[in-house]
Every structure is written in C-alpha cells, then in structure tokens.
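Okay, here's what each chain looks like letter by letter:
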Amino acid sequence: NYKKGIKFENHCMEILKQNGWEVKETPNTGDQGVDLIASINDLRICIQCKDHEKAIGNKAVQEISAGKLFWKGTHAILVSKSGFTKSAQQLAKSNKVGLINEFQLKDLEKFIV
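Residues numbered from 1 in each chain as written. Predicted model: local features only at pLDDT ≥ 70, side-chain atom pairs only at ≥ 80, totals over all residues. Heavy atoms only, no water.

Engineer: If you had to explain the overall build of the chain to someone new, which residues and values would you point to?
Structural biologist: The helix and strand inventory of the chain stands at three helices and five strands. Going residue by residue from the N terminus, the α and β elements of the chain occur as α-β-β-β-α-β-α-β. What you see for the chain is a C-alpha radius of gyration of 12 Å, in line with the 13 Å of a compact globule of 113 residues. Each of the three principal axes of the chain carries a C-alpha extent, and together these read 30 × 30 × 25 Å. Across the 113 residues that make up the chain, the buried fraction comes to 42%. Accessible surface computed for the chain: about 6500 Å², of which carbon and sulfur atoms make up 51%. (Helix = DSSP H or I, 4+ residues; strand = E, 2+ residues; numbered from the N terminus. Rg over C-alpha atoms; globule rule 2.2 N^0.38 Å. Buried < 20%, exposed > 50% of the residue type's maximum accessible area, 1.4 Å probe, protein only. Areas by Shrake-Rupley, 256 points an atom, 1.4 Å probe, with all protein chains shown as cover.)

Engineer: Before we move on, could you go through the packing of aromatic side chains and cite the residues and values that matter?
Structural biologist: Summed over the entire model, instances satisfying the criterion amount to one aromatic pair. For the pair F70 and W71, a centre-to-centre distance of 5.3 Å together with 80 degrees between the ring planes defines the contact as edge-to-face. For F70, a relative accessible area of 46% gives the class partly exposed. (Phe/Tyr/Trp six-rings, centres within 6.5 Å; stacked < 30°, edge-to-face > 60°.)

So yeah, pure geometry; function would need other evidence.
Right, here's the structure in full:
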C-alpha cells in the first residue's frame, strides 16, 4: 500500500509540473500530513494525496489542516481517487480545505478555497 501511495503522489506531482507548478516533495517521515507543496506566484499549496478504496474521512482533513500551518502554506488541498465522506466534506469546508480528484489537479487554482 505504501508503494501504491508513492506512485499516486508521483502521478499528482507530474500533473502539477505539466501545468506550470513548482512542486516539492516533503520527507516520507515527519511530513505532518503533507505530501507535496505546489508553488506558483505567491501561492504555496500543501497537498495530501490519498489513493484509497474507500471515501476519505476526517483524519486526512485534520492532518492537512495542521500540515498547512507546519509548512507555512497559503492553502490546503486533499486529492482522493475515492471521494470523501460527508463528515470530511463538512470539516473541510469549515477549515478551508479543498477536496478534489487527480483529474482536477490540472486546474488546481480553481479549487483553492
């Protein structure tokens, strides 16, 4: 599952780079819930990538919210192949976390909250 996650992160990173973003990976340990940091102009977007079978829940929203502060991001985005629970959607809205799938990464600026 770990290798699958890294593969998905790399896939997301390639999409961002192809669309003009400067992308940095965070360390595999101690990343504080942030996998990638995408920058363009004065934006610094902290991104967590989730390649899971089930909808993503609150824990990931909490992690990226904290991670955004830790990495001094301007915005937080969760990318999931499997969608998000209703509870996660509510928490994301109140924490200004964008919830998207990998196909929406090419238009990332439209989804930052």
